Amino acid sequence: MRNLRVRAAAVFGFGFVTMGAGWAQNSLPAATATGIDAAAAEVMEATGVPSASVAVVQGGKISFVKAYGKARLEPVMLAEPGMQYSIGSVSKQFTAAIILLLVQDGKVKLDDPVGKYLPELTRAKDVTVRQVLSMTSGYQDFWPEDYVMTSMMQPATPQHILDVWGKKPLDFEPGTKWQYSNTNYVIAGRIAEIVAGKPLIEQLQERIFKPLKMNGVLNSDASRLPANDPTGYYQHALGPLRPAPQEGAGWMFAAGELAMPASDMALWNISLMNRTLLAPASYDEMFTEVKLKDGSSTHYGLGVQVGERDGHRIVSHSGEVSGFVSQNTVFPDDKAAVTVLTNEDASSAAAALARKIAPLVLGQSASANAADSAAGAEKRALDIFTGLQDGKLDRSQLTAFCDAYFTAEAVQDFASSLKPLGVPSSFKQADEELRGGMTFRVFDVSFPDRKLRVTTYEEPDGKLEQYLVIPSGS
């Protein structure tokens with residue numbers, strides 16, 4: 001298996017050389033590559049993640065591939081860029097692409113009811129294929145937890161998942177809310193198999209991986225990663241890293257079954273930005289935000305999160321399965337992309353590292369950009385805080401959910417409890433990370449005799465999904 005990936009690298013022209021942390025391929029400016037190395041060291045030190053595999057696309061070409069840290073802790077095996085990491089829910093965009101290819105074939109329509117293919121599911125006549133792909137169907141998630149339950153350590157089938165979760169009452173009326181649910185993609189994967197008459201993984205190989213020369217892809221739902229690939233880890237609280245349990249075969253399927261090197265993900269990213277594999281209309285469908293029935297934003301297309309960051313259009317997704325977390329971010333208009341794969345579950349390392357690398361690849365100053373971002377976020381959060389002290393709130397800055405949270409009672413409680421504290425002596429951002437497709441921030445707020453914390457979730461379009469004020473324990 002390792003030889004296959006080395007040969008593939010040679011075909012693609014990746015000039016791998018030894019650079020301390022494993023092989024590396026690099027055509028970036030020296031300052032940019034050094035910045036990525038520094039960012040990786042910083043994030044890995046802060047999070048304790050064992051390893052990270054990074055691939056960068058710049059100018060529509062793979063320009064940087066490098067692995068850092070240890071793929072296995074005992075006995076030690078250093079990470080190499082050719083290694084396969086499970087990518088978890090980043091797999092969903094490949095399932096969506098197969099459905100779009102079947103739409104092009106005339107075998108499926110996005111506005112077909114799922115009942116045309118799976119009539120036994122709850123409200124199957126009322127839920128469309130588009131709603132399944134865009135997470136607006138109402139089907140309940142079969143795996144929202146960040147760990148593997150004992151029931152999931154036994155083998156299962158996609159049909160078992162549908163028989164249990166696909167037949168539960170919907171969590172909401174189709175098209176009225178956005179809620180992440182892996183069950184949606186089990187449904188999508190089964191529809192693809194039913195209409196094409198062959199397993200989903202075979203369709204992925206034939207119609208996506210082979211044409212794009214993604215030669216290192218593995219179906220990790222069918223078997224563990226080989227011994228010469230990374231071991232996935234987890235930890236209890238701040239305890240030692242331990243090998244993560246393996247999900248039973250069949251659980252990940254179309255929602256998260258793929259493993260691959262970061263460089264293979266980069267090849268896919270290039271195809272997205274150049275629109276080379278699907279029809280133009282299919283890319284339009286995939287990258288267009290699906291709105292709710294009331295016109296509210298979802299920031300989700302078909303299998304991908306969509307939005308804007310610092311003036312750059314962005315298409316992204318994160319992923320997590322037992323022992324692995326991934327982050328894939330594409331800036332299609334800039335012909336740039338960042339992929340980070342890590343081997344510890346429930347870790348923020350992949351998202352944090354991808355966020356630090358992005359401004360370097362886009363030609364921005366990472367430190368200046370971060371400082372400007374923090375200063376802007378602090379001012380905004382402080383302005384909202386002082387406004388709430390006076391019982392005032394600019395609701396145009398809020399999402400529909402956050403707007404609903406701030407009832408008249410809530411605004412009154414904020415005002416009556418915060419006004420007596422007076423003007424904060426300090427209001428500083430303490431933390432920032434990506435979570436659920438949003439930017440999560442923590443602000444420390446100081447007064448002469450007490451401390452508070454403000455926590456916010458910001459959507460890619462800048463609107464706030466959350467603004468909470470809580471007592472500080474520090």
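Just so we're clear, the structure is a prediction, and the values are computed from it rather than from any experiment.

So, how was this worked out
Residues numbered from 1 in each chain as written. Predicted model: local features only at pLDDT ≥ 70, side-chain atom pairs only at ≥ 80, totals over all residues. Heavy atoms only, no water. Pairing = 2+ DSSP bridges. Helix = DSSP H or I, 4+ residues; strand = E, 2+ residues; numbered from the N terminus. Contact = heavy atoms within 4.5 Å. Polar contact = N/O pair within 3.5 Å; in protein donor to acceptor, adjacent residues only side chain to side chain. Core = buried A, V, L, I, M, F, W, Y, C linked by side-chain atoms within 4.5 Å. Buried < 20%, exposed > 50% of the residue type's maximum accessible area, 1.4 Å probe, protein only. Axes fitted to C-alpha atoms, helices over the stretch in contact; angles between N-to-C directions. Parallel < 35°, antiparallel > 145°, perpendicular 65-115°, else oblique. Nonpolar A, V, L, I, M, F, W, Y, C, P; charged D, E, K, R; others polar. Arc of directions from axis to C-beta. pLDDT = per-residue confidence, 0-100.

A. Quick peek at the sheet that holds strand E7 (residues 218–219). On the basis of which strands lie adjacent, the open sheet formed by 3 strands has the order E6-E10-E7 and antiparallel pairing. At either margin of the open sheet sits one strand with a lone partner, and together these are strand E6 (85–86) and E7. Both E7 and strand E10 (residues 258–260) contribute to a ladder of 2 bridges, which runs antiparallel. By the bridge assignment for E10, Asn-219 is matched with Leu-258.

B. Up close: unusual backbone geometry. With an omega of -10°, the peptide bond between Glu-74 and Pro-75 qualifies as cis. Non-glycine residue Arg-275 carries a positive phi angle of around 55°. Turning to its location among the elements, Arg-275 is positioned in the loop between helix H9 (262–274) and helix H10 (280–287). Here the phi dihedral of Asp-310 falls at roughly 50°; this positive angle occurs in a residue that is not glycine.

C. Fine view of the environment of Gln-429. Summarising the element assignment, Gln-429 is placed in strand E15 (residues 426–435). Through-space distance from the C-alpha of Gln-429 to that of Ala-377 is 7.8 Å; in sequence the pair is 52 residues apart. With near-sequence residues (within four places) excluded, Gln-429 lies in contact with Ala-374, Ala-377, Glu-378, Arg-441, Val-442 and Phe-443. Within the local environment of Gln-429, its side chain forms a polar contact with the side chain of Arg-441, the two groups lying 3.5 Å apart.

D. Fine view of the nonpolar core. Core analysis: the biggest nonpolar cluster contains 90 residues, and Phe-94, Leu-133, Ile-187, Ile-191, Ile-208, Met-214 and Trp-268 have the highest contact counts within it. Those residues in contact with Trp-268 that lie beyond four places of it in its chain are Gln-93, Phe-94, Ala-97, Ile-208, Leu-212, Met-214 and Leu-277.

E. View of the packing of helix H3 (residues 92–104) against helix H7 (residues 200–209). Relative to each other, H3 and H7 sit at 80°, their axes nearing to 10 Å. Between H3 and H7, the angle falls in the class roughly perpendicular. Each of Phe-94, Thr-95, Ala-97, Ile-98, Leu-101 and Leu-102 in H3 lies in contact with H7, whose residues at this interface are Leu-200, Gln-203, Leu-204, Arg-207, Ile-208 and Phe-209. When grouped by side-chain class, the residues that make up the contact of H3 with H7 number 9 nonpolar, 2 polar and 1 charged.

F. Expanded view of H7. Residues of H7 that are buried: Leu-200, Gln-203, Leu-204, Ile-208 and Phe-209. Down the axis, H7 shows its buried residues gathered within 150° of arc, on one side only. Of the surrounding secondary structure, the elements contacted by the buried residues of H7 are H3, helix H6 (182–196), helix H8 (253–256), E10 and H9.

G. Expanded view of the confidence of the model for the protein chain. On average, the protein chain scores 89 in pLDDT, and the residues at 70 or more come to 91%. Note on residues 1–23: pLDDT under 50 across the span, and 48 contacts to partners over four residues away in sequence or across chains.

H. Representation of the pairing of strand E12 (residues 312–321) within the structure. In terms of residue burial, E12 counts as a mostly covered element, since 7 of its 10 residues are buried. In terms of strand pairing, strand E11 (residues 305–309) meets E12 through 5 bridges, oriented antiparallel. What sits directly across from Glu-308, in E12, is Arg-313. The hairpin turn running from E11 into E12, its antiparallel successor, is 2 residues long, and Asp-310 in that turn takes a positive phi close to 50°. Relative to strand E13 (residues 324–331), E12 is paired through 7 bridges, and the arrangement is antiparallel. Looking at the pairing, Ser-318 lines up with Gln-327 of E13.

I. Structural context of the pairing of strand E18 (residues 464–471). As paired strands, strand E17 (residues 450–458) and E18 are joined by 7 bridges and run antiparallel to one another. Residue pairing in the sheet places Val-454 in a bridge with Val-469 of E18. Following E17, the chain reverses through 5 residues before pairing antiparallel with E18; Gly-462 in that reversal takes a positive phi of roughly 100°.

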